[in-house]
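Survey of secondary and tertiary structure
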Amino acid sequence: MADVAQNALGTPPGKQRQRRVSSDSGWSILRWIMIIIGMTIVLVPFLWLVTTSFKPESAYLAYPPRFIPDNWTLEGYRILFQKEQLGRFFLNSLVITLTSTVLSVAFGSIAAYSLARAKLPFRLNNIIAFWMLLTRMYPAIATAIPYFLLIRELNLLDTRWALIITHTAFNLPFVIWLMIGFYQELPKELERAAMVDGCSAWQRFTKIVLPLSAPALVATSILAAILSWNEFLFAVMLTRNEAKTLPVVMSGFITDKGLLWNQMTALGVITVLPVLLFAIAVQKYLVRGLTLGAVKE
Amino acid sequence: MTSVTFDHVTKRYGQVEAVKDLNLEIPDGQFMTLVGPSGCGKSTTLNMLAGLDDVTEGDIYLDSDRVTNTPPGERDIAMVFQSYALYPHMSVRDNLGFALKIRNESRQDIASRVGRAAEMLGITELLDRKPRQLSGGQRQRVALGRALVREPRLFLLDEPLSNLDAKLRVQMRAELKLLFDRLATTVVYVTHDQAEAMTLSDRVAIFNHGVVQQIGKPLELYNHPRNIFVAGFLGSPPMNFLDGEIGEDGQMVRGNGFSIPLTGRKLDISRGQKVVLGIRPEDVSIGAAGSLPLHSAVSLVEPMGSSTVIYAPIGDKLVTVETGKESSITAGSSISLELPPDSIHVFDAASGESLTSTSGIITSV
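These numbers were taken from a predicted model, which means no experiment stands behind them. (Residues numbered from 1 in each chain as written. Chains lettered and ligands numbered in written order. Predicted model: local features only at pLDDT ≥ 70, side-chain atom pairs only at ≥ 80, totals over all residues. Heavy atoms only, no water.)

Quick look at the overall build of chain B now. When its secondary structure is counted, chain B shows eight helices and 21 strands. Summarising its shape, the C-alpha atoms of chain B cover approximately 75 × 45 × 35 Å along the three principal directions. For chain B, the proportion of contacts with a sequence separation of at least 24, taken over those separated by at least 6, is 67%. Only carbon and sulfur atoms are counted for the fraction: they give 48% of the accessible area of chain B, which is about 16100 Å². (Helix = DSSP H or I, 4+ residues; strand = E, 2+ residues; numbered from the N terminus. Contact = heavy atoms within 4.5 Å. Areas by Shrake-Rupley, 256 points an atom, 1.4 Å probe, with all protein chains shown as cover.)

Chain A puts 16 residues into the contact, and the matching count from chain B is 24 residues. Contact with chain B buries surface across chain A, with Glu189, Val196 and Asp197 of chain A losing the most and accounting together for 37% of the total. Between Arg192 of chain A and Asp53 of chain B there is a salt bridge whose closest N-O contact spans 3.9 Å. Inspection of the chain A/chain B interface yields eight residue pairs in polar contact (both at pLDDT 80 or more). Elements supplying a minimum of two residues to the side of chain A that touches chain B: helix H9 (188-196) and helix H10 (201-230) of chain A. Looking at the side of chain A that touches chain B element by element, the count peaks at seven residues for H9 of chain A. Residue composition of the side of chain A that touches chain B, grouped by class: nine nonpolar, two polar and five charged. (Buried area = accessible area lost by both parts, 1.4 Å probe. Salt bridge = Lys/Arg side-chain N within 4 Å of Asp/Glu carboxyl O. Polar contact = N/O pair within 3.5 Å; in protein donor to acceptor, adjacent residues only side chain to side chain. Nonpolar A, V, L, I, M, F, W, Y, C, P; charged D, E, K, R; others polar.)

The geometry of two aromatic rings is summed up by the distance between their centres and the angle between their planes. Inspection of the entire model under this criterion finds 17 aromatic pairs over all chains. Residues Tyr147 of chain A and Phe234 of chain A carry aromatic rings whose centres are separated by 5.0 Å and whose planes lie at 75° to one another, so their mutual orientation is edge-to-face. Here Phe234 of chain A lies in helix H11 (residues 233-238) and Tyr147 of chain A lies in helix H7 (residues 144-153), a separation of 87 residues in the sequence. Neither residue differs from the other here; Tyr147 of chain A and Phe234 of chain A are each classed as buried. Judged by centre distance (5.9 Å) and plane angle (35°), the ring pair of Trp202 of chain A and Phe205 of chain A falls under tilted. Here Trp202 of chain A and its partner Phe205 of chain A are both found in helix H10, three residues apart, which amounts to about one turn of the helix. According to the relative accessible area criterion, Phe205 of chain A is buried, its value standing at 4%. Feature note: the residues Tyr113, Phe182, Tyr183, Trp202 and Phe205 of chain A constitute an aromatic cluster, connected by ring pairs. Lying over the aromatic face of Tyr87 of chain B, Arg146 of chain B brings its terminal NZ or CZ to 4.7 Å of the ring centre. (Phe/Tyr/Trp six-rings, centres within 6.5 Å; stacked < 30°, edge-to-face > 60°. Buried < 20%, exposed > 50% of the residue type's maximum accessible area, 1.4 Å probe, protein only. Lys NZ or Arg CZ within 6 Å of the ring centre and 35° of its normal.)

Bringing the side chain of Arg204 of chain A into the picture now. All names here are of chain A. Structurally, Arg204 is set in helix H10. Within the buried core, Arg204 has no salt-bridge partner, and the shortest N-O distance to an opposite charge, that of Glu191, equals 4.5 Å. Setting aside its immediate chain neighbours within four residues, Arg204 contacts Tyr113, Glu191, Ala194, Met195, Cys199 and Val209. (Lys, Arg positive; Asp, Glu negative; His and termini not counted.)

Residues and elements named next belong to chain B. Spatial strand order, S15-S20-S16: three strands in an open sheet with antiparallel pairing. Two strands lie at the open edges of the sheet, namely strand S15 (285-288) and strand S16 (294-297), each paired on one side alone. Between one strand axis and the next, the sheet turns by 40° as a mean value, whatever way the strands run. Sheet topology places S16 next to strand S20 (residues 334-338); four bridges connect them, and they run antiparallel. Bridge assignment links His295 to a residue of S20, and that residue is Ser336. (Pairing = 2+ DSSP bridges. Axes fitted to C-alpha atoms, helices over the stretch in contact; angles between N-to-C directions.)

Quick look at the packing of H10 of chain A against helix H13 (residues 261-281) of chain A now. Residue and element names in this part refer to chain A. In contact at an axis separation of 11 Å, H10 and H13 are set at 180° when each is read in the N-to-C sense. On the basis of their axis angle, the class for H10 and H13 is roughly antiparallel. Mapping the contact onto sequence places Ile222, Ile226 and Trp229 in H10 and Thr271, Pro274, Val275 and Phe278 in H13. Here the contact of H10 with H13 is built from residues that sort into six nonpolar, one polar and no charged. (Parallel < 35°, antiparallel > 145°, perpendicular 65-115°, else oblique.)

So, about unusual backbone geometry. With an omega of -5°, the peptide bond between Ser236 of chain B and Pro237 of chain B qualifies as cis. By the secondary structure assignment, Pro237 of chain B is in the loop between helix H8 (228-233) and strand S11 (240-246). You will see that Asp158 of chain A, though not glycine, has its phi angle at about 60°, which is positive. Tracing the sequence through the fold places Asp158 of chain A in the loop between H7 and helix H8 (160-185). Judged by its relative accessible area of 16%, Asp158 of chain A falls in the buried class.

The next subject is the pattern of salt bridges. All names here are of chain B. The final tally for this structure, using the stated rule, is 19 salt bridges over all chains. With its nearest N and O atoms 3.5 Å apart, the salt bridge here joins Arg113 to Asp109. Highlighted residues: Arg113 and Asp109, both in helix H3 (residues 107-121), separated by four residues, approximately one helical turn. Assessed through its relative accessible area of 11%, Arg113 is described here as buried. The residue Asp243 makes a salt bridge to Lys317 at a minimum N-O spacing of 3.7 Å. Of this pair, Asp243 sits in strand S11 while Lys317 sits in strand S19 (residues 317-323), placing them 74 residues apart in sequence. Shared partners join several salt bridges into a network, and the residues in it are Glu105, Asp109, Arg113, Arg116 and Glu151.

This part takes up the sheet that holds strand S17 (residues 300-303) of chain B. Picture the strands of a sheet paired through backbone hydrogen bonds; they go either parallel or antiparallel. Residue and element names in this part refer to chain B. The strand order S17-S18-S19 describes an open sheet built from three strands, whose pairing is antiparallel. Single-partner strands in this sheet number two, and they are S17 and S19. Taken over all neighbouring pairs, the strand axes of this sheet differ in orientation by 25° on average, direction set aside. Pairing geometry for S17 and strand S18 (residues 308-314), over four bridges, is antiparallel. Bridging across to S18, Glu302 finds its partner in Val309.

Let us now look at the packing of helix H5 (residues 86-117) of chain A against H8 of chain A. All names here are of chain A. One way to put it is that H5 packs onto H8 with a least axis distance of 6 Å and a crossing angle of 35°. Crossing hand, H5 versus H8: right-handed. Classifying every residue of the contact of H5 with H8 gives 19 nonpolar, ten polar and two charged. (Left-handed = near helix turned anticlockwise from the far one by under 90°.)

Residue and element names in this part refer to chain B. Counting buried residues in strand S7 (residues 154-158) gives five out of five residues, a clear majority hidden from the surface. Where burial is concerned, the two faces of S7 agree: the one with Leu154, Leu156 and Asp158 and the one with Phe155 and Leu157 are both buried. Pairing between strand S6 (residues 77-80) and S7: four bridges, direction parallel. Note on S7: the bridge partner recorded for Met79 is Leu156. As defined by bridge partners, S7 adjoins strand S8 (residues 186-191) across five bridges and the pair is classed as parallel. Each residue of the ladder has a partner; that of Asp158, found in S8, is Val190.

All we've got here are geometric facts, nothing functional implied.
Shown next, in the form of structure tokens:
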């Protein structure tokens, strides 16, 4: 019966199926090519970083360069771990990242909630939100000198607080913008129900809005943490030795005697690892958080 | 146990008047339904009563307490939302107990009240599920349960049945009626469904364009509509309307394809006045061709099972007639119709006001 109907439309069913199969396989080949190109662009530098960290000097200076070394060595890591201060720099990075992430997400989500819910006159909500974003529109180096002077006046040069303050300030607009979008999508009737149930504004936020926004908060935290962990410009400018973070230490391997490639890449691997492990651990939330709002219950 | 009073309440959004000078009294224990088409101001009225929307002008009282500026949580009211608004991250049990927890009731007290409400609604076995694991009807019950647990002085329900399928809606309607009859608490119910308004309510307020058109008992509104809007809104199939003009003798109404006497009716009408005649489908008499004064041919027959709905033209208007269970009439057959004068509602064509209804805007309390 179905065949008859299809024949009546002028296309034999067998032929139609064949054409669909061939165009499907064409698509899937193209798709694989795109994926391979994408993965190559992203992964090759990273793999090069990893293999270089295991190369002896002769291999990483070899010309033409060799992707996979003949001899593998832990020399770079050995020298690195012998520097007793490495642990402290790692701790600096960790403390600064965690503190600035917690601060920026805590303040940012409250600010975003207020901006998403408050009815301010003259479209002030939009103006404030846009003004926040403005601070991310100019290159960070433009504020380098004022920041340096400010931090010096505060007597915070070369302290963890210098970077905690800076990173929090730079992450805030980012957190606010991500969270405003999320809060605007949250059904308002839930909060109205909570109002009738007797919740104060703060209870509404903590008991209804926060639990529902947990995935979005996790996703935002991850992105904020990565930005802070990898930040270099202000870290190199505002620290000397005490509060140095891993990216600054890494840049220290560019010496007047040349580049210490194996130590630098070894530290690169050590710097990447925590972020990578963290991201894998919370991947479930990351994907859910970034696609939230698209899925309505 | 609470009475509600709206005293000259107006709500404006910018230039738009959503509710205009509303005066409404709901006595203690009454089931009051606010009904009307979308955008008529009924939901805004409910939200003002809940405290979710500000009042622009006027005052709202619960008993003698002025609550115009009281926050929703302090009004001791419970509300069921159209979307149910169940907290998705909480189990049914926590949803039901949330308001009590916020009010720092003891854990034992919360457990026993949640248990009682769940039993009343037959959702005891669902208590440990999350809202997303429930069907539409079950969510609806949980939303109701969340209001019941509170044992509030006033229940507000905002189109609670509109997300259910037709069959479940009728079933839940009956359950709601039984439930609130038993509770005997004051209820304010908002719906756009005239059937819900008719079946559930002690009294109904019909809204249109932010103004109450008429308030009264359901059958009072049905039998004595104050204007064309009320007459057309209540009833399914809806009332038939025919345009006409009062004749020279002041008794006959002439229109396109008909001429009907209004004998024996006390009407404040004048000769030549343009009027609209209204007659309910079940009041139209139908007979074999030639037996009744108006001649017509059947356009369409709808057998509904319990009744048969027949469409036949009078002049340029298609008139709806509702007859008994089974009818031998088929489309195309010649019939005759009669509009019995006693069942005819006469409205002024210009103002839409009824010339036959004797009831004022507030007919009974």
